[in-house]
Amino acid sequence: MRKALKPWGLFSEERIMFRFMGIDYVQLVQGDRIHASLLHDPDAFAEEMDRIFIRGWVFVGHESEIKLQGDWVTRQLGNESVIMVREHDDSVNVLANRCAHRGTTLCWEHQGNSSFFQCTYHNWRFGLDGAVRAIPFPDGYTNPKEQLGLDRAGQIDSYRGFVFVNLDGSAGPLDEHLGAAGYDLIDRLCDLSPTGRIDLSKGWIAHRVQSNWKLWPESDSDGYHVGFVHASMSAATDTYYDEVAVGGDAVSSSRAVDYGNGHIELDFRPSYKSELSWLGVTRDKVQGYYEALATRVGVESAEKMLWEGPPHAFLFPNLFLGELVIAIVEPLGPGEMIHRHTSVQFEGVEKDFNQRLLRQTEAAVGPASFITSDDAITAERIQLGISGTHRSWAQENRGWIDLSRGLHREEVDETGTRLSDASDETTNRGFWRRYLEVMTRSVPM
Amino acid sequence: MIAGDLHAEVEAFLYREARLADEFQLDEWEALLTDDFHYWVPAGRIVGEPAEQLSYLNDNRTRVATRIRQLKTGKRLSQLPFSPMRRIISNIEVSDLGDDEISTKANFVIYEIAAQSTGELRVWPGHAQYRLRRVDGTLQMSAKWVELVTAEIGQRNLTFLI
């Protein structure tokens, strides 16, 4: 007998068909290589949007973006547009940006403040909790009102202001997804703020890139390319990247780290040759910041943190903790995406300090920047290079992408974390290992 | 009213600035700038205090020198090769502020080929506000603020001189 179709689900017969006709991820994602077709295959893209962006945990935004009750922002999570809103009880809710009546987009601006959401088609009105509030000429309806509300995220959780959602509600709790390492990476960023709180409300800048979204978790955490793709930045500027990555393993002691669950880091901490290298200043220039930090965490911790700086890490599948930049990877299609970023702002510092962070962000990331503009072109060149490959080529040994670098010298510690030289493809493999797990795990029917 | 000769002089300056940018004559373009030059491409309209905003580009004189130096390394992948491009400037308005300071506004459209990757034709419509200063008898540029029509929807590669 056929089971009833559940939201986000597939008929069991169709799932069996997938086994035979669909994409064989186990064949295409191997330990030391992946098949290039996965970077442009529209079938793979459709399944990723379901498996990763609907059924898994994804980053949606930061609580500082919606400080007041009724503040909202819209965000694109895979194929779904959602509204992140602060409710009247100060809680954060994530709703489908789609009228429950006929599917009209509710919010077409990026942000706003409202006490309700009203559809422009038949004026249905919804509360900030997504429940239907008012329907014109209600006598025409007999179904219970509770059935007429907006689709809501199945699970919402946040940590130090970072809001994550699992739209279908079927994933385990957030802590299973983030793991100890995910929390620790967020801590290492937020702890640098004198109050322990950061603010991400300076707005997001969209860099439109003609590449597959999966090239960016890799690019953002790849230590091998820095001295080549960013040679012009290194030649034109006096940059701390020279000591942490550009020179390669001969110069840097940075580490490529795979924490599991697709969370990966280029750990620059062993490479910094002076305190505050990551901020490009000496302490006397930011004495007020240092003193405020030391007041909260103590002198010993503050001294250590000034050396270590913020993490350069990627949390699966869409959040880049790029030192003093936060970026979201936003897939739009198999060969089209947005790398959307904002600048970290610290609470409890002088205005000049946060302006420095804005200028540092503009220099590093975005379509006119000195760094990631060159990554974007590289991603587009990869996309052009792989766009003719087909998954049927896998057996013929054509169209593979090699990710074997450093496999022989990778170490695994007692927690299962893999570590290797910064130029090794440990981070790339970490992303793809998680990808394979997610794309092949059984989905509750 | 602006005297006809000032309008013509400013117009000639803008055309020259546009041509040098289009042709990546980087040293010649940089020679147009005053020491306090400010180059700004906001993520929205030209409004508010630039220093307080996160922008596509917000260069002081030092940073624009770095930008040009990077373009000249021959290793700047996002401009390797330089984009073939031409811009049309129109709707020029000139205000003489006195003390050798001139404010100018214009609209532009740039046609650019993404020669570094996809090879597609890209169109960049926008509005620019310039601040010009007469130094030793010649006009120089002390500010160029560029408001893109597409500012709020995001940009593709913007590493040429806009």
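Just above, that's the structure.
Just so we're clear, the structure is a prediction, and the values are computed from it rather than from any experiment.

**Section: the interface of chain B and chain A**
Across the boundary between the two partners, chain B contributes 26 residues, which contact 34 residues of chain A. Sort the elements by how many residues they give to the side of chain B that touches chain A and helix α3 (residues 61-71) of chain B lands first, with three residues. Its residues assigned to classes, the side of chain B that touches chain A comprises nine nonpolar, 13 polar and four charged.

**Observations concerning the sheet that holds strand β3 (residues 71-77) of chain A**
All names here are of chain A. The strand order β5-β4-β3-β6 describes an open sheet built from four strands, whose pairing is antiparallel. Of all the strands in the sheet, the pair left with one neighbour each is β5 (92-96) and β6 (111-113). Sheet twist, expressed as the average angle between the axes of neighbouring strands with direction ignored, equals 25 degrees. The sheet contact formed by strand β4 (residues 80-86) and β5 spans five bridges and is antiparallel. If you follow V85 over to β5, its bridge partner there is N93.

**Some remarks on the packing of helix α9 (residues 287-297) of chain A against helix α10 (residues 299-308) of chain A**
Residues and elements named next belong to chain A. One way to put it is that α9 packs onto α10 with a least axis distance of 7 Å and a crossing angle of 130 degrees. As the angle between them shows, α9 and α10 are arranged oblique. The two elements α9 and α10 meet at a crossing, and its hand is right-handed. Residue-level contacts link Y290, L293, A294 and V297 of α9 to V299, S301, A302, M305 and L306 of α10.

**Quick notes on the pairing of strand β11 (residues 162-166) of chain A**
Residues and elements named next belong to chain A. Summarising burial for β11: five of the five residues are buried, a large majority. On β11, burial covers both faces: F162, F164 and N166 on one face and V163 and V165 on the other are all buried. Direction of pairing for strand β2 (residues 57-62) relative to β11: antiparallel, over a ladder of five bridges. Bridging across to β11, W57 finds its partner in N166. Of the pairings in the sheet, the one linking strand β10 (residues 155-159) to β11 comprises five bridges and is antiparallel in character.

**Thoughts on unusual backbone geometry**
Trans is the common state for peptide bonds, and a negative phi is the common state for residues other than glycine. Omega for the bond connecting F316 of chain A with P317 of chain A falls within 30 degrees of zero, at 0 degrees, which places this linkage in the cis form. Here L276 of chain A, not a glycine, exhibits a phi torsion of approximately 65 degrees, which is positive. You can see L276 of chain A is positioned in the loop between β15 (264-267) and α9. For D136 of chain B, which is not a glycine, the phi torsion comes out positive at approximately 50 degrees. You can see D136 of chain B is positioned in the loop between β5 (121-135) and β6 (138-148). By C-beta crowding, D136 of chain B is classed as exposed, having 5 other C-beta atoms within 10 Å.

**Digging into the pairing of strand β18 (residues 325-333) of chain A**
All names here are of chain A. Counting buried positions over the nine residues of β18 gives seven, a clear majority of the element. Turn length for the strand β17 (residues 319-322)-β18 hairpin, with the two strands adjacent in sequence and antiparallel, is two residues, and the turn residue E323 shows positive phi of about 60 degrees. Between β18 and strand β19 (residues 336-343), which follow one another and run antiparallel, lie two residues.

Conventions used here
- Residues numbered from 1 in each chain as written.
- Chains lettered and ligands numbered in written order.
- Predicted model: local features only at pLDDT ≥ 70, side-chain atom pairs only at ≥ 80, totals over all residues.
- Contact = placed C-beta atoms within 7 Å.
- Helix = DSSP H or I, 4+ residues; strand = E, 2+ residues; numbered from the N terminus.
- Nonpolar A, V, L, I, M, F, W, Y, C, P; charged D, E, K, R; others polar.
- Pairing = 2+ DSSP bridges.
- Axes fitted to C-alpha atoms, helices over the stretch in contact; angles between N-to-C directions.
- Parallel < 35°, antiparallel > 145°, perpendicular 65-115°, else oblique.
- Left-handed = near helix turned anticlockwise from the far one by under 90°.
- Buried ≥ 20, exposed ≤ 12 C-beta atoms within 10 Å, placed from the backbone.

All we've got here are geometric facts, nothing functional implied.
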